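# Understanding the architecture of this molecule
Listed below, chain by chain, are the residues.
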Amino acid sequence: MKIIAVIPARYASTRFPGKLMQDLGGKTVIVRTYEAAVNTNLFDDVFVVTDSDLIFEEIIAHGGKAIKSAKQHESGSDRIAEAIQNIDVDVVINVQGDEPFIDKESLAQLIAVFRNDNEAKIDLASLMRIIKEEDEITNPNNVKVVVDQNGFALYFSRSVIPYPRAIDVGVSYFQHIGIYAFRKQALLDFYQLPMQSLEASEKLEQLRYLEFGKRIKMIITTHVGIGIDTPEDLDKARKML
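Residues numbered from 1 in each chain as written. Predicted model: local features only at pLDDT ≥ 70, side-chain atom pairs only at ≥ 80, totals over all residues. Heavy atoms only, no water.

A few words on the overall build of the protein chain. On a plain count of helices and strands, the protein chain comes out with nine helices and eleven strands. Computed over the C-alpha atoms, the radius of gyration of the protein chain is 18 Å, within 12% of the 18 Å expected from 2.2 N^0.38 for a compact globule of 241 residues. Structurally, the protein chain occupies a C-alpha span of about 55 × 40 × 35 Å along its principal axes. Here the protein chain, with 241 residues, has 49% of them falling under the buried criterion. (Helix = DSSP H or I, 4+ residues; strand = E, 2+ residues; numbered from the N terminus. Rg over C-alpha atoms; globule rule 2.2 N^0.38 Å. Buried < 20%, exposed > 50% of the residue type's maximum accessible area, 1.4 Å probe, protein only.)

Structure (structure tokens):
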């Protein structure tokens, strides 16, 4: 089974434009992320896919592998799908470009899902963590997920799901951690499928997979990614490094 990591990298960012090109301990954020993915030794190959000449040239200059997007894309899945169309690969891991402190254990868990899926019934795998604080549960920036008895996603929402009409019934709340592992065909199918109303309403691309019958296996993790979304996040990352 051939497994690669792809890091989608946009230069533009609403909250922190150019964040991937910011300095983090003598290297840019995107180079730190790329090198961290390579150093896990989990992947047969690692690529950055970007619509930015600046990011493309940055990765190449540091001896990395980069793919230039031919089109503008609304989602990371679309960008990755275009990039891997002609690559011989079985499973693709989407590594977030603004999270340079990669958790190797979580990525290894996602890979294990596919290695153990002998009947190829799983289209995607992703991560979730238990949340208990009310402000975390009600925050629309924290995407929640509900799963069936076998750990497959039933629905993702920015709203509180399930709604607590009854309390003390043993419900757990899970926050979706947006790291994905895809079978190549699931990505290629997504690329050809139109956005439907649920995805458009929630602004969550994973709902397109569910709306068209793809099976998403969710894995529980305790890891909380450290994303660089603001200048304050970058300061924290510098101190951590």
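Two side chains with opposite charge may pair up if their charged atoms get near one another. As enumerated under the stated definition, the model contains eleven salt bridges in all. Where E119 meets K121, a salt bridge forms, and the shortest distance between an N and an O atom there is 3.1 Å. Taking relative accessible area as the criterion, E119 reaches 58% and is therefore assigned exposed. One network of salt bridges, with partners in common, ties together K19, D98 and D229. (Salt bridge = Lys/Arg side-chain N within 4 Å of Asp/Glu carboxyl O.)

Let's shift gears to the nonpolar core. With 37 residues, the main nonpolar core has I7, I30, F43, V48 and I93 as its most contacted residues. Discounting chain neighbours no more than four positions away, the residues touching I7 are I30, T33, Y34, A37, V46, F47, V48, V49, V95, Q96 and G97. F47, F190, Y191 and L204 belong to the second-largest nonpolar core, a separate cluster that totals 30 residues. (Core = buried A, V, L, I, M, F, W, Y, C linked by side-chain atoms within 4.5 Å. Contact = heavy atoms within 4.5 Å.)

A few words now on the environment of R15. Along the polypeptide, R15 turns up in the loop between β1 (3-9) and β2 (23-24). As for R15 and T230, which are separated by 215 residues in sequence, their C-alpha atoms are 6.3 Å apart.

Now for the packing of helix α3 (residues 76-84) against helix α6 (residues 184-192). Packed helices, taken two at a time, are described by their axes: the angle between them and the distance between them. Remark: α3 packs on α6, axes separated minimally by 9 Å, with the N-to-C direction vectors making an angle of 115°. Judged by the inter-axis angle, α3 sits roughly perpendicular to α6. Helix-helix and strand crossings are classified by hand; for α3 and α6 the assignment is left-handed. Between α3, through S77, D78, I80, A81, E82 and I84, and α6, the contact on the second element is made entirely by K184, L187, L188, F190 and Y191. A per-class count over the contact of α3 with α6 returns seven nonpolar, one polar and three charged. (Axes fitted to C-alpha atoms, helices over the stretch in contact; angles between N-to-C directions. Parallel < 35°, antiparallel > 145°, perpendicular 65-115°, else oblique. Left-handed = near helix turned anticlockwise from the far one by under 90°. Nonpolar A, V, L, I, M, F, W, Y, C, P; charged D, E, K, R; others polar.)

For the rest of this paragraph, the subject is helix α1 (residues 29-39). In an α-helix, one turn spans 3.6 residues, which is why side chains three or four residues apart end up on the same side. What α1 keeps buried is the set V29, I30, V31, T33, Y34, A36 and A37. Packed against the buried residues of α1 are β1, β2, β3 (27-28), β4 (45-50), α2 (53-61) and α9 (231-240). Just beyond α1, the residue with positive phi is N41, at close to 60°.

Here we come to the packing of α1 against α2. Where α1 meets α2, the closest approach of the two axes is 10 Å, and the angle between their N-to-C directions is 50°. Classified by the angle between their axes, α1 and α2 sit oblique to one another. The handedness of the crossing between α1 and α2 is right-handed. Along the contact surface, α1 presents I30, V31 and Y34, while α2 presents I55, E58 and I59. For the contact of α1 with α2, the residue count by class is five nonpolar, no polar and one charged.

This part covers the packing of aromatic side chains. One pass over the structure, following the stated rule, counts three aromatic pairs. Ring plane angle 25° and centroid distance 4.5 Å describe the contact between F190 and Y209, whose orientation is recorded as stacked. One end of the pair, F190, is in helix α6; the other, Y209, is in helix α8 (residues 206-211), with 19 residues separating them in the sequence. Exposure class is identical for F190 and Y209. Each is buried. Over the aromatic face of F152 sits the side chain of R215, whose NZ or CZ is 3.9 Å from the ring centroid. Note that K217 overlies the ring of F152, its terminal NZ or CZ placed 5.2 Å from the centroid. (Phe/Tyr/Trp six-rings, centres within 6.5 Å; stacked < 30°, edge-to-face > 60°. Lys NZ or Arg CZ within 6 Å of the ring centre and 35° of its normal.)

Remember, this is a structural readout, not a statement about activity or role.
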